[in-house]
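Chain by chain, the residues:
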Amino acid sequence: MRGWLSLIVVAVTATSVAAKPGAIFIPPAEVDLGAATPMGDVVVGTSTELRAGAHWASLYWKPTRLDIGIGYAGSYRDVAPAYAARSSEYDNPTLKLHGMYFSAAYAIESHRYHRTWIGVRVEGMSGSYGGQTYNVIGGALRLASELFHT
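Quick summary incoming for the structure in this document. (Residues numbered from 1 in each chain as written. Predicted model: local features only at pLDDT ≥ 70, side-chain atom pairs only at ≥ 80, totals over all residues. Heavy atoms only, no water.)

Focus: the overall build of the protein
Here comes step 1: Helix and strand counts for the protein come out as three helices and six strands.
Here comes step 2: Seen in sequence order, the protein has helices and strands lined up from the N terminus as α-β-β-α-β-α-β-β-β.
Here comes step 3: The buried share of the protein, taken over its 150 residues, is 27%.
Here comes step 4: Pairs at least 24 apart in sequence give 55% of the contacts found in the protein among residues at least 6 apart. (Helix = DSSP H or I, 4+ residues; strand = E, 2+ residues; numbered from the N terminus. Buried < 20%, exposed > 50% of the residue type's maximum accessible area, 1.4 Å probe, protein only. Contact = heavy atoms within 4.5 Å.)

Dropping the structure here:
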């Protein structure tokens, strides 16, 4: 899944750079990096969350009030020492989940260099640890502000 997203980014980048020799092209993207705390589960600890994808509001060359996006979702969680000691993966006590997300948002406030969005995001991830496979489906209601420049 991650391979397909990487292939698309490389293809778009290569065709754009080929049009102007010596140019470096960074495709418009939205990248979120943060932390999360588990609720009700003592097996995993806090996590590092990563989201990176293509969004309509970033790709469209004019201001827009609608944003639809798709991309990579990753979660890296420390496993509790007691549970990690029972696993053959004790050297690396981290549960790594990888998958995709889909989001839709509406700009409730839009100005020349900043916008405020209200939206929803649905994501699905999977991973394995200690011989057990984990599949996760989640959703979020989001309120986000961004600074941007065209």
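Don't stop here, the text continues.
Observations regarding the packing of aromatic side chains
Here comes step 1: Inspection of every chain in the model, using the stated rule, returns one aromatic pair.
Here comes step 2: Judged by centre distance (4.7 Å) and plane angle (20°), the ring pair of W56 and Y60 falls under stacked.
Here comes step 3: Residue Y60 is classed as partly exposed on the basis of its relative accessible area, which comes to 25%. (Phe/Tyr/Trp six-rings, centres within 6.5 Å; stacked < 30°, edge-to-face > 60°.)

Focus: a nonpolar patch on the surface
Here comes step 1: A cluster of nonpolar side chains, namely W56, L66, I68, I70, M100 and F102, defines an oily patch on the protein surface of about 550 Å² accessible area.
Here comes step 2: Looking at the nonpolar patch, the elements with two or more residues in it are β3 (66–79) and β4 (94–110).
Here comes step 3: For L66, the location among the structural elements is in strand β3. (Patch = residues over 30% accessible without salt bridge, like charges linked within 9 Å, V, L, I, M, F, W, Y side chains within 5 Å. Areas by Shrake-Rupley, 256 points an atom, 1.4 Å probe, with all protein chains shown as cover. Salt bridge = Lys/Arg side-chain N within 4 Å of Asp/Glu carboxyl O.)

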